[in-house]
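One letter stands for each residue in the lines below.
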Amino acid sequence: MLKSLMVAKAKEELEQEMEEKEEQKTKYLEEKVPPVQVTGLSLAELKALCEELYSKIDGVDEERYDIEAKVLHNNREIKDLNIKVLDLRGKFKRPNLRRVRVSADAILRSLLGSKHKVSMDLRANLKSVKKEDTEKEKTVEVSDWRKNVEAMSGMEGRKKMFDAAKGQTQ
């Protein structure tokens with residue numbers, strides 16, 4: 001419903017716009033080209049009128065040709081510039097960055113200049129981890145699952161498993 005109303009309104013506006021263009025065209029032609037009076041003219045006057053009209057037509061054709069040439073030139077220039085813009089966008093490659101090993105002292109020296117005298121040890125602030133603790137956690141008793149299957153079956157077995165797990169964490 002709404003779509004059909006919008007289409008109808010657009011169609012009306014388009015028709016109105018076409019009528020306005022036609023009116024503007026007729027007004028322009030009436031102003032620029034007065035009606036020609038050929039009745040009652042002699043042969044010499046008709047020839048002079050024809051030569052005058054021909055010279056006007058020739059002048060208008062020259063102007064039209066010049067304007068068309070300018071438009072074509074501008075269109076080619078616009079097209080070339082668009083191609084250049086697209087080429088610049090597409091061909092820009094980021095350079096491969098190389099990993100450079102620079103110490104904290106060198107970074108501070110480059111930032112602060114030669115004023116920097118204090119060396120900075122970044123590893124001093126790190127927390128040390130004992131390897132023995134991690135190895136103990138990894139060594140969990142791995143037993144054969146077939147053992148104690150009958151002992152662990154039922155609710156009593158689950159209670160034993162729960163108690164065993166509770167005892168290991170404490």
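Above this text you will find the structure in question.
The structure contained in this document is the topic of the report that follows.

### What to know about the layout of surface pockets
Now for step 1: In this structure, the largest pocket spans a volume of roughly 460 Å³.
Now for step 2: Around the largest pocket sit 15 residues that line it, and Lys-32, Val-33, Leu-53, Lys-56 and Val-60 are the ones nearest its centre.
Now for step 3: Taken together, the elements giving at least two residues each to the lining of the largest pocket come down to helix H1 (2-32) and helix H2 (43-91).
Now for step 4: If one sorts the elements of the lining of the largest pocket by residue count, H2 sits on top with eight residues.
Now for step 5: Here the residues of the lining of the largest pocket sort into ten nonpolar, one polar and four charged.

### Quick look at the pattern of salt bridges
Now for step 1: One pass over the full model with this rule turns up three salt bridges.
Now for step 2: Two residues, Glu-52 and Lys-56, come together in a salt bridge whose shortest N-O distance is 3.7 Å. Note that Glu-52 and Lys-56 are positioned in helix H2 at a spacing of four residues, about one turn of the helix.
Now for step 3: Of the charged contacts in the structure, one is a salt bridge between Asp-61 and Arg-64, with a shortest N-O distance of 3.7 Å. Note that Asp-61 and Arg-64 are positioned in helix H2 at a spacing of three residues, about one turn of the helix.
Now for step 4: One salt-bridge network, in which partners are shared between bridges, spans Asp-61, Arg-64 and Glu-68.

What counts and what doesn't
- Residues numbered from 1 in each chain as written.
- Predicted model: local features only at pLDDT ≥ 70, side-chain atom pairs only at ≥ 80, totals over all residues.
- Heavy atoms only, no water.
- 1 Å grid on protein atoms, 1.4 Å probe; cavity = no way out; pocket = protein on both sides within 12 Å on 5 of 7 lines; lining within 4 Å.
- Points joined across faces, edges and corners; volume = space filled by probe spheres on them.
- Helix = DSSP H or I, 4+ residues; strand = E, 2+ residues; numbered from the N terminus.
- Nonpolar A, V, L, I, M, F, W, Y, C, P; charged D, E, K, R; others polar.
- Salt bridge = Lys/Arg side-chain N within 4 Å of Asp/Glu carboxyl O.

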